[in-house]
Amino acid sequence: MAKATAPLMSMDASGQIGKALVFQKGGNVRQYVVPANPKTVSQMAVRNKLGDLQRSLKKLGTVLRAELKSGFGARWNSQIVGELMKNDAALLTSYTATFNSFTSQEKTDWDTADTSSPVALTAGVPLYACAKAIKAIALVAGVTVTLADPTNANSSTVGGQWTANS
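Everything numeric here is computed off the predicted structure, so don't read it as measured data.

Is there a simple way to think about the pattern of salt bridges in this case?
Close approach of charged atoms lets side chains of opposite charge pair. Scanning all chains against the criterion turns up three salt bridges. Across the salt bridge formed by Arg 55 and Asp 52, the nearest N and O atoms sit 2.6 Å from each other. In this pair, Arg 55 and Asp 52 are both assigned in helix α1 (residues 41-58), three residues apart and thus about one turn of the helix distant. In this structure, the salt-bridge partner of Glu 83 is Lys 86, at a minimum N-O distance of 3.4 Å. Placement of both Glu 83 and Lys 86 in helix α3 (residues 76-100) is noted, with a separation of three residues, approximately one turn of the helix. According to the relative accessible area criterion, Lys 86 is partly exposed, its value standing at 41%.

Dropping the structure here:
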């Protein structure tokens, strides 16, 4: 059952109306779709990658989180994960290949900076990939974020900015 905070379609609503509409945060309305859950091996692999990226984004500190909400909008995290996973995860695959070219010590440094405990991705990749995606999206959108551009040698800088709370 949908919950309206004012007359329907004038303010905000959440929930669903029958099997027709679903109201979401921020005034978004979508068509109701019957959920499917086939649990195939490939679907579980994608879900695990999505989970790794989301766990990394949950580690964001208040400073960067506020910048992303302000610059990217209410669905900032979906925008970042969507960018990484679109076109059969082409961007994530590219960032992973770049990460794999790092030296062993650089990979270890990124792993240390990334406190998200990935399941499907190599340790350090979620932080590196999410940070690279944030910088790419910000550049295209003309949004300024204080996050340093991730490189092979600046994991501690990016990691510190990732979790900054002041």
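Alright, that's what it looks like, and here's the rest.
How should unusual backbone geometry be read in this particular structure?
What you tend to see is this: most non-glycine residues have negative phi, and most peptide bonds are trans. Backbone geometry at Ala 89 places phi at a positive 60°, although glycine is not the residue there. Relative to the elements of secondary structure, Ala 89 occurs in helix α3. Judged by relative accessible area, Ala 89 falls into the buried class, the value being 7%. If you check the backbone angles, Ser 117 has positive phi at about 55° while not being a glycine. Assignment of secondary structure puts Ser 117 in the loop between α4 (104-113) and α5 (125-141).

About the criteria used
Residues numbered from 1 in each chain as written. Predicted model: local features only at pLDDT ≥ 70, side-chain atom pairs only at ≥ 80, totals over all residues. Heavy atoms only, no water. Salt bridge = Lys/Arg side-chain N within 4 Å of Asp/Glu carboxyl O. Helix = DSSP H or I, 4+ residues; strand = E, 2+ residues; numbered from the N terminus. Buried < 20%, exposed > 50% of the residue type's maximum accessible area, 1.4 Å probe, protein only.

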